[in-house]
Amino acid sequence: MAIRIDRAFDELRFGASRTLNLRAMQPTASQASTLADSWLRQQQVLGADEALVITGRGNNSVDGFSPVRESIVKLLPSLRRRNVIIGYAEHTPGSFVVTFAPVRALFETPKRRRERVVAKPVPPSLKALDDETVHQLRDLSAVSLAVLGIQSPTALQLEDEMQRQFAVLSAALPDDGDREALLQQALLRAAEEYEAG
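As a starting point, this report considers the structure included with it. Since we're looking at a predicted model, the values are computed, not measured.

On to a negative patch on the surface, then. Together, Asp130, Asp131, Glu132 and Asp139 line one region of the surface with negative charge. Within the element layout of this structure, aspartate 139 appears in helix H5 (residues 131-147).

Written out as structure tokens, the structure reads:
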């Protein structure tokens, strides 16, 4: 009875859109890590405050422990260092609650040599994007550079920053749906975060 009540509270708190149930998918440990990495990045860009990742405890596993859970335990500190999440906690022995970093934090992430970079290729030009998207990218890049102390950036500095921000945000977008509309939402969210903080 208590388990059903806990599930009901989890459904109310997180809903289906902010719950990743790896236990139900039964992926390998490597697949689970890749799925969770991509899904958590998407949740951050889409503006989620927190999410639930269900790994299972491994009670039915051969060795009695969950390789999927262990892969997520290794992934979460990496995502925190890369400013995707700001925290995580064990919710139950088979699940974690993660709290997301602001989108603008993605641009403040230091590069580390030993972590693989998951980035989609950046097109040689941003001209294929809608004018509104380019305008939002330019504005966000100017604000980002100003925060770094560059008040009057050159055209090359601004273009480089636009390319960098496009690469960071587009890597976190889902492969399906209207990617440009989602990119515009992420740009707007990042700009609002810069203004607020």
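Okay, the pattern of salt bridges next. Should their charged atoms come close, side chains of opposite charge can pair. Inspection of the entire model under this criterion finds six salt bridges. Between glutamate 50 and arginine 13 there is a salt bridge whose closest N-O contact spans 2.9 Å. Pair noted here: glutamate 50 is in strand E2 (residues 50-54) and arginine 13 is in helix H1 (residues 2-14), with a separation of 37 residues, a long-range link. Among the residues examined, arginine 13 registers a relative accessible area of 38% and is labelled partly exposed. Here the salt bridges do not stand alone but share partners, grouping Asp37, Arg41 and Arg82 into one network.

Before going further, it helps to examine the nonpolar core. Counting residues in hydrophobic clusters, the biggest one holds 41 residues, and the most contacted among them are Leu40, Ile72 and Leu169. Of all elements in the fold, only helix H3 (29-45), E2, helix H4 (67-81), strand E4 (95-100), H5, helix H6 (155-171) and helix H7 (179-196) reach the threshold of two or more residues within this core. Broken down by element, this core gets its largest block of residues, six residues, from H7. Here isoleucine 72 is in contact with Leu22, Ala32, Ser33, Ala36, Val53, Thr55 and Phe96, once residues within four sequence places are set aside.

Here we come to H3. Taking 1.5 Å per residue as the helical rise, H3 with its 17 residues ought to reach 24 Å, and the 24 Å between its terminal C-alpha atoms agrees with that figure. Of the residues making up H3, those classed as buried are Ala32, Ser33, Ala36, Asp37, Trp39, Leu40, Arg41, Gln42, Gln43, Gln44 and Val45.

What follows is about the packing of H5 against H7. Between H5 and H7, the shortest axis-to-axis distance is 10 Å and the interhelical angle comes to 30°. As judged from the angle between their axes, H5 and H7 are roughly parallel. Regarding H5 and H7, the two cross each other, and that crossing is left-handed. For the pair H5 and H7, the contacting residues are Glu132, Thr133, Gln136, Leu137, Leu140, Val143, Ser144 and Val147 in the first and Glu180, Leu183, Gln184, Leu187, Leu188, Ala190, Ala191 and Tyr194 in the second. Of the residues contributing to the contact of H5 with H7, the split by class is ten nonpolar, four polar and two charged.

What counts, and at which threshold
Residue indices follow the written sequence of each chain, beginning from 1 at its first position. With the structure being a predicted model, the display of local features is reserved for residues of pLDDT at least 70 and the display and counting of side-chain atom pairs for 80 or more, all residues being used for whole-chain, interface and lining totals. To obtain the side-chain values, all non-hydrogen atoms of the structure were included, while hydrogens and water were left out. Two joining distances apply to patches: 9 Å for like charges and 5 Å for nonpolar side chains (Val, Leu, Ile, Met, Phe, Trp, Tyr), and every residue must have over 30% relative accessible area and no salt bridge. Residue-level accessible areas treat just the shown protein chains as cover; the underlying method is Shrake-Rupley with a 1.4 Å probe. In what follows, salt bridge is the name for a side-chain nitrogen of Lys or Arg lying within 4 Å of a carboxyl oxygen of Asp or Glu. His is not counted, nor are the chain ends; Lys and Arg add positive charge and Asp and Glu add negative charge. Positions of charges follow a simple convention, taking NZ of Lys, CZ of Arg, CG of Asp or CD of Glu. Helix and strand assignments follow DSSP, with helices taken as H or I runs no shorter than four residues and strands as E runs no shorter than two, numbered in order from the N terminus. Throughout this description, buried means an accessible area under 20% of the type-specific maximum (1.4 Å probe, protein chains only), exposed means over 50%, and partly exposed covers the range between. Here, the term nonpolar core denotes a set of buried Ala, Val, Leu, Ile, Met, Phe, Trp, Tyr and Cys residues that are joined through side-chain atoms within 4.5 Å. Any two residues whose heavy atoms approach within 4.5 Å at even a single point are treated as in contact. By this rule, a helix spans an expected 1.5 Å times one less than how many residues it contains. Here an angle of 0 to 180 degrees is reported between the N-to-C directions of two axes, which are lines fitted to C-alpha atoms, with helices fitted over the stretch in contact. Comment on the angle field: the value is read as roughly parallel under 35 degrees, roughly antiparallel over 145, roughly perpendicular from 65 to 115, and oblique elsewhere. Definitions for this section: a left-handed crossing has its near helix turned counterclockwise from the far helix by less than a right angle. A right-handed crossing has that turn clockwise. The residue classification treats Ala, Val, Leu, Ile, Met, Phe, Trp, Tyr, Cys and Pro as nonpolar and Asp, Glu, Lys and Arg as charged. All others, Gly included, are polar.

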